Structure formats: structure tokens, C-alpha cells
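For reference, the chains in residue letters:
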Amino acid sequence: MSLKNDILNELRKSGGYVSGESLARSLDKSRAAVWKAVNALRSEGYPVEAHTKKGYRLAGNADVLNEDEIKRFCENDIKIFYLNSVDSTNNYAKKLLAQGEDGIFLVAAAEQTAGRGRQGKSFYSPNGTGVYMSLVIHPDAPLQSAVSSTTAAAVAVCRAIEKISDKRPGIKWVNDVYLGGKKICGILTEAVTDFESATVSSVIIGIGINVSTAEFPKDIENAGSLGAGTGRAKLIAAVCDELLKTVNGSYEDFIDYYRSRSIVIGREIKFAENGVWQTASAEGIDSRGGLQIVLKNGERRTLRSGEISIRKI
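Now for a look at the structure at hand. Remember, predicted model here, so these are calculated numbers, not experimental data.

### Here's the deal with the pairing of strand β2 (residues 55-58)
Bridge analysis of strand β1 (residues 48-51) against β2 gives 4 bridges, and the strand direction is antiparallel. Bridge pairing in β2 links A50 to Y56. Where β1 hands over to β2, the hairpin turn is made up of 3 residues, counted between the paired strands.

What follows is the structure in C-alpha cells.
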């Protein structure tokens, strides 16, 4: 552990001022080394106050994002790759897999310069205001069963938000997370397939959450932010932990929760099929996560994938 982290732990344990002399003595370092480490912490965004007669203290909970902060909140001990900026956390995860990285691992970033969403759409990922992460798992499952990881991710995000805040988000089929009628989260799941065994060797679950983003490009409609006052590192850790619980459980364990958070059931929707938009009523979610709909002519259908929009009253 670095001197910075040692000092950070001492300040957190104290809850008040700790003298530089005391820190130097307990950590077996010089006062000058402690001073340099404190300045390094400040440069990373930690609010370390100094008082001539009292020493140093943490003035509050800063929204600092780095590998150590994510690990501090994580219940699971997994490998974490943190980057200040990356084109896409999913792309970076693919590169790591290609280089031989195995096991479960997490890629997280403070910014994405080319964040991607479903159906080739971009995901706005400005620096410092959101959570951008990709969790890589290895289900060793038949190809068709990997689809469940998409609904699992939406469930995990909602559960994580409810766990660390007083917010109650909803899910717009298939996997967009909404709060107060605004989209706050997008999910992009990509499978890496072993064609010889016809199984999915790895699944990359990419998640982007708007935490405090206040302004969005004009071409992005109906976007909002969580605004829960929760640190990004804590949110990433909570989502990661909930996601591992969900994907390692049975599908039946979370499909009821998925239904309970649906903002689509009972609503009139529009859905695209072969490039043509049609109107229908959403009746429910089936046992495989499909959206059960009734067309205007009374025909019942189940959508397995695609794009829908909720019609405004």
C-alpha cells in the first residue's frame, strides 16, 4: 500500500485532525514525505485540510474516482482496470480479453470519448459526471442464454441505486433505466463466442449512468441524471456487486423484480419492425424477458429484441 493510502486510512479512522508528526512516526516516514503525500492526495481531489497547530484532516466526502476508491466499496475482490479517459470501456475490455486476460474483471473510466449504446447509437460520457463501466464475466453457457445478462444488468443497476440512495428507478424494456421519466442509464451487452463449442466464452456488460450530468447535446432526447449525491466509486462498486449476485443466481430469482420495475407494462407503445413503426399495448413480461404486446387488431405477440417508445398521453 502506498504512503498516500496509508495517510488516507489514518485520516478516515481518526475522523478529525492528525498531526504531521504523528503520521510520520506511526508510518515510519519523514515529515517531508508525509507533506508530499498529502499534496498528492489533494491533487487527486481529496479535501485534506491543514491546520498549523492541529495537523491534517479530511474535510468531507469528495467524489474521487480511482481504482483504490472502487475497491474500498466493493464486496467482491475482483481485478479492476481504471482509466481517466478511454474511447469505450467495452472496447478496452475486448482488448484485454484479446491479450489473454481471464477471470472476472471490471473496467471503469471517468470519461468515454466514444461511448457506445445499443443499435449503434453513441452514449454521451462527459468527464467527471457519470459512471462508465464494463464487467466481464465468463458464463460458459449456450449462446441463447447469454441474452439474460442484459435484463440482469438492468436489475442490478436498479438494485444498486436503491441500495445506496432513496431513489426508485424503473426499467424501460429492454434495459434502459429511467428516473422521473428521464433516461439515466444505458446498457450494452456484448458476447464473445467460442464457435467450436457454440458457447459464449465471455460476456461484456457495459453500463453508463448519468450521475450529475446537467447538460446534454441537443440530439439526445429525454436524458436525465441520478442526482443522488452519491460518489461515483461507491455507485460503481454497488452495481458491480449487485450484478455479480444477479448473474450468478437463477433467472427466476430476478425476473419478478424486473417486472416490478417495468415502466412499460400497461402502457401504449410504438415498436419498430422491419423499419416500420407500429402501435400496441404492453401487457407483460414473459418468463424469458420478452415483452408481451397486443396489436390494435387484437393479435398477441412477444417481442424478443428491438426498439420501443412509450406513447405520450
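### As for helix α6 (residues 148-164)
Think of an α-helix as turning once every 3.6 residues; residues three or four places apart then point the same way. Over its 17 residues, α6 extends 25 Å from the first C-alpha to the last, a length consistent with the 24 Å expected when each residue adds 1.5 Å. Of all 17 residues that make up α6, 13 are buried, and the element is covered over most of its length.

### Here's the deal with helix α7 (residues 232-247)
Its 16 residues give α7 an end-to-end C-alpha distance of 22 Å, which sits within 8% of 22 Å, the value for a rise of 1.5 Å per residue. Within α7, 13 of the 16 residues are buried, which leaves the element mostly enclosed by the surrounding structure.

### Quick word on the packing of aromatic side chains
This structure, assessed with the given rule, holds 2 aromatic pairs. Pairing F81 with F105 gives two aromatic rings, centres 5.7 Å apart and planes at 80°, and the pair type is edge-to-face. One end of the pair, F81, is in strand β3 (residues 79-83); the other, F105, is in strand β4 (residues 105-109), and 24 residues separate them in sequence. Exposure class is identical for F81 and F105. Each is buried. Against the face of Y257 rests R159, its NZ or CZ located 4.6 Å from the ring centre.

Cut-offs and rules
Here the residue numbering is sequential within each chain, running from 1 through the sequence in written order. In keeping with the model being predicted, local features are shown solely for residues with a pLDDT of at least 70 and side-chain atom pairs are shown and tallied solely at 80 or more, while totals for entire chains, interfaces and linings include all residues. Remark: hydrogens and water are excluded; side-chain values derive from all non-hydrogen atoms of the structure. When DSSP locates at least two bridges between a pair of strands, those strands are taken to pair. Segments assigned H or I by DSSP are reported as helices when at least four residues long, segments assigned E as strands when at least two residues long, and all are numbered from the N terminus. Given a helix with a known number of residues, its expected span is that number minus one, times 1.5 Å. The cut-offs for exposure are 20% and 50% of the maximum accessible area for each residue type, with area from a 1.4 Å probe on protein chains only; residues under the lower value are buried, those over the upper are exposed, and the others partly exposed. Stacked, edge-to-face and tilted labels apply to pairs of Phe, Tyr and Trp rings (six-membered ring for Trp) whose centres lie within 6.5 Å, assigned for plane angles under 30 degrees, over 60, and everything in between, in that order. We call a charge positioned over a ring when the NZ of a Lys or the CZ of an Arg lies within 6 Å of the ring centre and within 35 degrees of the ring normal.

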